[in-house]
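This is what each chain is made of:
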Amino acid sequence: MSSEIKIINNIFTEEQRKKLIDDVQPLILDGIKVSNFYGYVGYQEGFNLYKITHNTLHLHSNFDWAFDIIFSKVNELGFNFRKKDVKSSWMNSTNGSQNKKNFKWHDHRRSGDYVVVYYMKMFPFFSNGTLFKKYGLVKAKQNSLLFFPSHLYHSTPSSPLRLERYSWSINLNTPKDFVNDI
């Protein structure tokens, strides 16, 4: 794994993690419909079944407490992120079944400087984490997050099991008062 990618474990309590999954249910929609709303054809990672929120989750005040916890953990890396630094944020759910002909690497460089991916609910024992074009699979446990620069090409790995996987992505702009001395 690269030094560009940071893993932070044990983000929320078990009760908080489950609350996130419960609280997002009214906001999570059919992925194809959301992709079409934004002008995408299909879903860029090629999943056959997925659900997703709009990319404005950071505007829902009922998730402020969770953003505060994530920022406190990420800021231990030497940053000073606040909610105003969020450019976009969404939660999604997949069942691990990809349509290989639609598989595409992607980055987030047009959507911010850094990416946070939080793993709310994972497949047991299979492909947990994020697949990076340059580094391969970077494994992450349930209730952990990856923090990485937005220019890194990546994708969600598929799984041989059809179990629901929930993740939360946050695109961040570098805080205006950040001085890079790490």
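Residues numbered from 1 in each chain as written. Predicted model: local features only at pLDDT ≥ 70, side-chain atom pairs only at ≥ 80, totals over all residues. Heavy atoms only, no water.

Caption draft 1: Just the sheet that holds strand E1 (residues 6-8), in detail. Here we have seven strands laid out as an open sheet, ordered E1-E8-E5-E10-E4-E3-E2, and antiparallel in their pairing. The open sheet terminates on both sides in strands that have one partner only, identified here as E1 and strand E2 (29-30). In terms of strand pairing, E1 meets strand E8 (residues 145-149) through three bridges, oriented antiparallel. Bridging from a neighbouring strand, Lys 6 pairs with Phe 147 of E8. Each of strand E4 (86-94), strand E5 (114-121) and strand E10 (165-172) touches helix H1 (residues 14-24); the most contacted strand, E5, lies at about 95° to it. Relative to the sheet, helix H3 (residues 64-74) contacts E1, E4, E5, E8 and E10, its axis offset from that of E10 by approximately 70°. (Pairing = 2+ DSSP bridges. Helix = DSSP H or I, 4+ residues; strand = E, 2+ residues; numbered from the N terminus. Contact = heavy atoms within 4.5 Å. Axes fitted to C-alpha atoms, helices over the stretch in contact; angles between N-to-C directions.)

Caption draft 2: Geometry of the nonpolar core. Formed by 29 residues in total, the largest nonpolar core has its most connected members in Ile 70 and Trp 168. At the level of secondary structure, the elements contributing two or more residues to this core comprise H1, H3, E4, E5, E8 and E10. For Ile 70, the residues in contact, after removing those within four places along its chain, are Ile 11, Phe 12, Val 116, Tyr 118, Leu 145, Trp 168 and Ile 170. One finds Ile 5, Val 115, Val 117 and Val 138 within the second-largest nonpolar core, a separate group that totals 11 residues. (Core = buried A, V, L, I, M, F, W, Y, C linked by side-chain atoms within 4.5 Å. Buried < 20%, exposed > 50% of the residue type's maximum accessible area, 1.4 Å probe, protein only.)

Caption draft 3: Main features of the pairing of E8. With five of its five residues buried, E8 lies for the most part within the structure. Residues Leu 145, Phe 147 and Pro 149 point to one face of E8 and Leu 146 and Phe 148 to the other, with burial holding for every one of them. Relative to E8, E5 runs antiparallel, the two being bridged by five bridges. Residue pairing in the sheet places Tyr 118 in a bridge with Leu 145 of E8.

Caption draft 4: Examining H3 more closely. Turning to H3, its buried residues are Ala 66, Phe 67, Ile 69, Ile 70, Phe 71 and Val 74. Turning to H3, the residues buried within the fold contact E1, H1, E4, E5, E8 and E10.

Caption draft 5: Region of the structure containing the sheet that holds strand E9 (residues 154-155). Read across the open sheet, the three strands follow the order E7-E6-E9; overall the sheet is antiparallel. Edge positions in the open sheet fall to strand E7 (136-139) and E9, since each of these has one partner strand only. Sheet topology note: the strand E6 (residues 129-132)/E7 ladder contains four bridges and is antiparallel. Across the sheet, Gly 129 pairs through a bridge with Lys 139, a residue of E7.

Caption draft 6: Structural view of the pattern of salt bridges. Inspection of every chain in the model, using the stated rule, returns four salt bridges. Its salt-bridge partner being Lys 19, residue Asp 23 comes within 2.7 Å of it at the nearest N-O pair. Of the two residues, Asp 23 and Lys 19 are both situated in helix H1; the distance of four residues between them amounts to about one turn of the helix. The salt bridge involving Asp 64 is made with Lys 83; its shortest N-O contact spans 2.3 Å. In this pair, Asp 64 sits in helix H3 while Lys 83 sits in the loop between H3 and E4, placing the two residues 19 residues apart along the sequence. Of the residues examined, Lys 83 reaches a relative accessible area of 30% and is grouped as partly exposed. (Salt bridge = Lys/Arg side-chain N within 4 Å of Asp/Glu carboxyl O.)

Caption draft 7: The arrangement of the environment of Lys 139 in detail. Position of Lys 139 among the secondary structure elements: in strand E7. The exposure class assigned to Lys 139 is exposed, which follows from its relative accessible area of 63%. Sequence separation of Lys 139 and Ile 7 is 132 residues, and the distance between their C-alpha atoms is 8.9 Å. Excluding residues that lie within four positions of it along the chain, Lys 139 makes contacts with Ile 7, Asn 128 and Gly 129.

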